[in-house]
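# Structural characterization, general
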Amino acid sequence: MNAPVTTPPPTQGAQAGEGRRARQRPQVAVGKGSIDWVKTFTAAKTGGVKNYFVEQNWELTQQSVAYLKTLKV
């Protein structure tokens, strides 16, 4: 006898592909969360990082850009 085929349940509270963490914590603009961005960007600069990519909605992007313009790194 063959085992029944089951379909995984649809994701709830997050878009497909965002993963478990996105469902547990809301997205916030860069500078509003718990990450020390000055320390992060300083380390990235030391390591030679030249580009950054952030996926977020337009409203959060506007808030993030405003914050990033205030940083002195």
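A few points on the structure. Predicted model only: the values in this text are computed from it and were never measured. (Residues numbered from 1 in each chain as written. Predicted model: local features only at pLDDT ≥ 70, side-chain atom pairs only at ≥ 80, totals over all residues. Heavy atoms only, no water.)

Take the packing of aromatic side chains next. Tallied over the entire structure, the rule returns two aromatic pairs. With a centroid separation of 4.9 Å and 80° between ring planes, the pair formed by Phe-41 and Tyr-52 is classed as edge-to-face. Here the residue Phe-41 occupies a position in helix α2 (residues 37-47), and Tyr-52 occupies one in the loop between α2 and α3 (58-70), the gap between them amounting to 11 residues. Note on Tyr-52: relative accessible area 45%, which makes it partly exposed. The structure contains a cluster of three or more aromatic residues connected by ring pairs, namely Trp-37, Phe-41 and Tyr-52. (Phe/Tyr/Trp six-rings, centres within 6.5 Å; stacked < 30°, edge-to-face > 60°. Helix = DSSP H or I, 4+ residues; strand = E, 2+ residues; numbered from the N terminus. Buried < 20%, exposed > 50% of the residue type's maximum accessible area, 1.4 Å probe, protein only.)

What follows deals with the side chain of Ser-64. Note that Ser-64 resides in helix α3. A residue is classified by how much of its surface remains accessible, and Ser-64, at 3% relative accessible area, is buried. Within the structure, the side chain of Ser-64 is placed 2.8 Å from the backbone oxygen of Leu-60, a separation counted as a polar contact. Residues contacting Ser-64, with those up to four places away along its chain left out, are Ala-29, Val-30 and Gln-56. (Polar contact = N/O pair within 3.5 Å; in protein donor to acceptor, adjacent residues only side chain to side chain. Contact = heavy atoms within 4.5 Å.)

Such coordinate-based values are descriptive only and should not be taken to indicate function.
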